[in-house]
Amino acid sequence: MKIFLKKPKPLPSAVLIGGGFSMQTIKYTFADGTTNEVEVTEDIYLIHLELLQQEKRNHWKETRRHTSLYYFTDMGIDFEDKLTESPLDGYIRKENIASIRKAISMLTPKRQELVYNVFFLGKTYTAIAKEQGVCRSAISQQMKTVYKQLRKHLGA
(Lines give C-alpha, C1' and ligand atoms only; values in the text may rest on other atoms or scores of the structure.)
Protein backbone atom coordinates (compact mmCIF):
# COMPACT_ATOMS: atom_id res chain seq x y z
CA MET A 1 0.00 0.00 0.00
CA LYS A 2 1.41 3.37 -0.99
CA ILE A 3 0.84 6.34 1.26
CA PHE A 4 1.12 9.75 -0.33
CA LEU A 5 1.80 12.48 2.15
CA LYS A 6 1.50 16.19 1.68
CA LYS A 7 4.22 18.07 3.42
CA PRO A 8 2.37 19.89 6.20
CA LYS A 9 3.08 23.46 7.13
CA PRO A 10 5.51 23.83 10.04
CA LEU A 11 3.95 24.07 13.47
CA PRO A 12 4.27 27.56 14.98
CA SER A 13 5.02 26.09 18.40
CA ALA A 14 8.13 24.23 17.21
CA VAL A 15 11.24 25.04 19.22
CA LEU A 16 14.41 25.65 17.29
CA ILE A 17 17.42 23.81 18.62
CA GLY A 18 21.03 24.52 17.67
CA GLY A 19 21.88 23.74 14.03
CA GLY A 20 18.57 25.08 12.68
CA PHE A 21 16.53 21.86 13.19
CA SER A 22 13.37 22.00 15.21
CA MET A 23 12.83 18.95 17.39
CA GLN A 24 9.57 17.39 18.54
CA THR A 25 8.82 14.53 20.90
CA ILE A 26 6.86 11.45 19.83
CA LYS A 27 5.42 9.26 22.56
CA TYR A 28 5.37 5.62 21.42
CA THR A 29 3.47 2.87 23.25
CA PHE A 30 4.70 -0.69 22.72
CA ALA A 31 2.44 -3.76 22.55
CA ASP A 32 3.41 -4.78 26.08
CA GLY A 33 2.12 -1.44 27.41
CA THR A 34 5.46 0.28 28.02
CA THR A 35 5.99 3.73 26.56
CA ASN A 36 9.01 5.54 25.26
CA GLU A 37 9.55 9.10 24.12
CA VAL A 38 11.69 9.82 21.08
CA GLU A 39 12.92 13.19 19.89
CA VAL A 40 12.66 13.61 16.13
CA THR A 41 13.01 16.42 13.62
CA GLU A 42 9.99 18.46 12.73
CA ASP A 43 9.73 16.79 9.30
CA ILE A 44 9.58 13.31 10.86
CA TYR A 45 7.12 14.56 13.48
CA LEU A 46 4.79 15.99 10.82
CA ILE A 47 4.97 12.75 8.84
CA HIS A 48 4.13 10.88 12.05
CA LEU A 49 1.08 13.11 12.61
CA GLU A 50 -0.08 12.55 9.03
CA LEU A 51 0.28 8.77 9.44
CA LEU A 52 -1.78 8.88 12.64
CA GLN A 53 -4.51 10.82 10.85
CA GLN A 54 -4.43 8.39 7.92
CA GLU A 55 -4.72 5.47 10.35
CA LYS A 56 -7.77 7.07 11.97
CA ARG A 57 -9.38 7.68 8.57
CA ASN A 58 -8.74 4.07 7.50
CA HIS A 59 -10.16 2.74 10.75
CA TRP A 60 -13.24 4.92 10.37
CA LYS A 61 -13.69 3.83 6.76
CA GLU A 62 -13.52 0.16 7.78
CA THR A 63 -15.82 0.40 10.80
CA ARG A 64 -18.39 3.06 9.89
CA ARG A 65 -20.85 0.45 8.58
CA HIS A 66 -19.91 -2.33 10.96
CA THR A 67 -20.83 -1.41 14.49
CA SER A 68 -21.10 -4.54 16.60
CA LEU A 69 -23.68 -5.17 19.28
CA TYR A 70 -20.82 -5.47 21.75
CA TYR A 71 -20.02 -1.80 21.11
CA PHE A 72 -23.55 -0.84 22.11
CA THR A 73 -23.60 -3.06 25.20
CA ASP A 74 -20.24 -1.60 26.26
CA MET A 75 -21.82 1.84 25.93
CA GLY A 76 -24.70 0.74 28.20
CA ILE A 77 -27.30 0.35 25.43
CA ASP A 78 -29.26 -2.89 25.65
CA PHE A 79 -31.75 -4.37 23.21
CA GLU A 80 -35.04 -5.98 24.18
CA ASP A 81 -35.30 -9.63 23.25
CA LYS A 82 -38.42 -9.84 21.10
CA LEU A 83 -38.07 -13.61 20.63
CA THR A 84 -38.68 -14.41 24.28
CA GLU A 85 -42.37 -14.36 25.05
CA SER A 86 -44.02 -14.05 28.40
CA PRO A 87 -45.82 -17.07 29.87
CA LEU A 88 -49.14 -15.34 29.19
CA ASP A 89 -48.25 -14.74 25.53
CA GLY A 90 -47.21 -18.38 25.19
CA TYR A 91 -50.47 -19.57 26.72
CA ILE A 92 -52.55 -17.31 24.45
CA ARG A 93 -50.62 -18.47 21.38
CA LYS A 94 -51.14 -22.14 22.29
CA GLU A 95 -54.86 -21.55 22.93
CA ASN A 96 -55.20 -19.78 19.57
CA ILE A 97 -53.45 -22.64 17.77
CA ALA A 98 -55.70 -25.17 19.51
CA SER A 99 -58.82 -23.16 18.57
CA ILE A 100 -57.72 -22.89 14.93
CA ARG A 101 -56.98 -26.63 14.74
CA LYS A 102 -60.38 -27.42 16.20
CA ALA A 103 -62.07 -25.08 13.69
CA ILE A 104 -60.15 -26.68 10.78
CA SER A 105 -61.20 -30.14 11.96
CA MET A 106 -64.84 -29.06 11.55
CA LEU A 107 -64.30 -28.40 7.83
CA THR A 108 -65.00 -31.03 5.19
CA PRO A 109 -62.01 -33.21 4.20
CA LYS A 110 -61.82 -31.46 0.81
CA ARG A 111 -61.62 -28.03 2.47
CA GLN A 112 -59.12 -29.31 5.04
CA GLU A 113 -56.91 -30.45 2.17
CA LEU A 114 -57.25 -27.00 0.58
CA VAL A 115 -56.16 -25.31 3.83
CA TYR A 116 -53.22 -27.73 4.08
CA ASN A 117 -52.12 -26.98 0.50
CA VAL A 118 -52.40 -23.20 0.91
CA PHE A 119 -51.06 -22.66 4.43
CA PHE A 120 -48.78 -25.59 5.15
CA LEU A 121 -47.38 -26.40 1.71
CA GLY A 122 -47.46 -22.78 0.51
CA LYS A 123 -49.02 -23.62 -2.85
CA THR A 124 -50.59 -20.86 -4.91
CA TYR A 125 -54.23 -20.87 -5.96
CA THR A 126 -53.09 -21.29 -9.57
CA ALA A 127 -51.02 -24.39 -8.76
CA ILE A 128 -53.86 -25.97 -6.81
CA ALA A 129 -56.30 -25.16 -9.64
CA LYS A 130 -54.01 -26.90 -12.18
CA GLU A 131 -53.77 -29.99 -9.94
CA GLN A 132 -57.55 -30.19 -9.54
CA GLY A 133 -58.33 -29.26 -13.16
CA VAL A 134 -60.39 -26.19 -12.26
CA CYS A 135 -59.93 -22.47 -12.78
CA ARG A 136 -58.14 -20.24 -10.27
CA SER A 137 -61.32 -18.35 -9.38
CA ALA A 138 -62.92 -21.62 -8.22
CA ILE A 139 -60.09 -22.11 -5.71
CA SER A 140 -60.37 -18.47 -4.65
CA GLN A 141 -64.11 -18.91 -4.08
CA GLN A 142 -63.52 -22.12 -2.07
CA MET A 143 -61.03 -20.25 0.14
CA LYS A 144 -63.58 -17.48 0.77
CA THR A 145 -65.98 -20.15 1.96
CA VAL A 146 -63.25 -21.67 4.16
CA TYR A 147 -62.57 -18.25 5.75
CA LYS A 148 -66.30 -17.76 6.43
CA GLN A 149 -66.60 -21.15 8.10
CA LEU A 150 -63.44 -20.64 10.16
CA ARG A 151 -64.72 -17.24 11.37
CA LYS A 152 -68.01 -18.86 12.33
CA HIS A 153 -66.28 -21.66 14.28
CA LEU A 154 -63.83 -19.25 15.95
CA GLY A 155 -66.58 -16.80 16.91
CA ALA A 156 -64.95 -13.92 15.06
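Residues numbered from 1 in each chain as written. Predicted model: local features only at pLDDT ≥ 70, side-chain atom pairs only at ≥ 80, totals over all residues. Heavy atoms only, no water.

What follows deals with the overall build of the chain. Across its full length, the chain holds six helices and three strands. Each helix (α) and strand (β) of the chain, taken in turn from the N terminus, gives the series β-β-β-α-α-α-α-α-α. In the chain, which comprises 156 residues, the proportion classed as buried is 15%. In the chain, the proportion of contacts linking residues at least 24 apart, taken out of those at least 6 apart, comes to 35%. Counting every atom, the chain has about 13200 Å² of accessible surface; 58% of that belongs to carbon and sulfur. (Helix = DSSP H or I, 4+ residues; strand = E, 2+ residues; numbered from the N terminus. Buried < 20%, exposed > 50% of the residue type's maximum accessible area, 1.4 Å probe, protein only. Contact = heavy atoms within 4.5 Å. Areas by Shrake-Rupley, 256 points an atom, 1.4 Å probe, with all protein chains shown as cover.)

This part takes up the packing of helix α5 (residues 125–132) against helix α6 (residues 136–154). Where α5 contacts α6, the two axes come as close as 8 Å, and the packing angle between them is 110°. When the axis of α5 is compared with that of α6, the two are roughly perpendicular. Classified by chirality, the crossing of α6 by α5 is right-handed. In this structure, α5 contributes Tyr125, Thr126, Ile128, Ala129 and Gln132 to the contact, and α6 contributes Arg136, Ile139, Ser140, Gln142, Met143 and Tyr147. (Axes fitted to C-alpha atoms, helices over the stretch in contact; angles between N-to-C directions. Parallel < 35°, antiparallel > 145°, perpendicular 65-115°, else oblique. Left-handed = near helix turned anticlockwise from the far one by under 90°.)

Our next topic: the nonpolar core. Judged by nonpolar contacts, the single largest core of 13 residues is most densely connected at Leu107, Leu114, Val118, Ile139, Val146 and Leu150. The leading source of residues in this core is α6, at four residues. When neighbours within four sequence positions are excluded, isoleucine 139 is seen to be in contact with Leu114, Tyr125, Ile128, Ala129, Gln132 and Val134. (Core = buried A, V, L, I, M, F, W, Y, C linked by side-chain atoms within 4.5 Å.)

Another point: helix α4 (residues 109–120). Taking 1.5 Å per residue as the helical rise, α4 with its twelve residues ought to reach 16 Å, and the 15 Å between its terminal C-alpha atoms agrees with that figure. In this structure, the buried residues of α4 make contact with α3 (87–105), α5 and α6. Looking one or two places after α4, you find glycine 122, whose phi comes out positive at around 70°. (Expected span 1.5 Å × (residues − 1).)

Okay, the confidence of the model for the chain next. Counting all residues, the mean pLDDT for the chain is 81, and 81% of those residues have values of 70 or more. Ranking the elements of the chain by mean pLDDT puts strand β1 (residues 15–17) last, at 43, and α5 first, at 93. Here residues 11–19 scores under 50 on pLDDT; set against residues more than four positions off or in separate chains, the count is 13 contacts. (pLDDT = per-residue confidence, 0-100.)

What the rule picks out here adds up to two aromatic pairs. When the ring of tyrosine 116 is compared with that of phenylalanine 120, the centres are 5.9 Å apart and the planes differ by 25°; the resulting orientation is stacked. Residue tyrosine 116 and its partner phenylalanine 120 are located together in helix α4, separated by four residues, close to a single helical turn. Residue classification places phenylalanine 120 among the exposed positions, given a relative accessible area of 59%. For the ring pair phenylalanine 119 and tyrosine 147, a centre distance of 6.4 Å and an interplane angle of 70° mean the geometry is edge-to-face. Here tyrosine 147 lies in helix α6 and phenylalanine 119 lies in helix α4, a separation of 28 residues in the sequence. (Phe/Tyr/Trp six-rings, centres within 6.5 Å; stacked < 30°, edge-to-face > 60°.)

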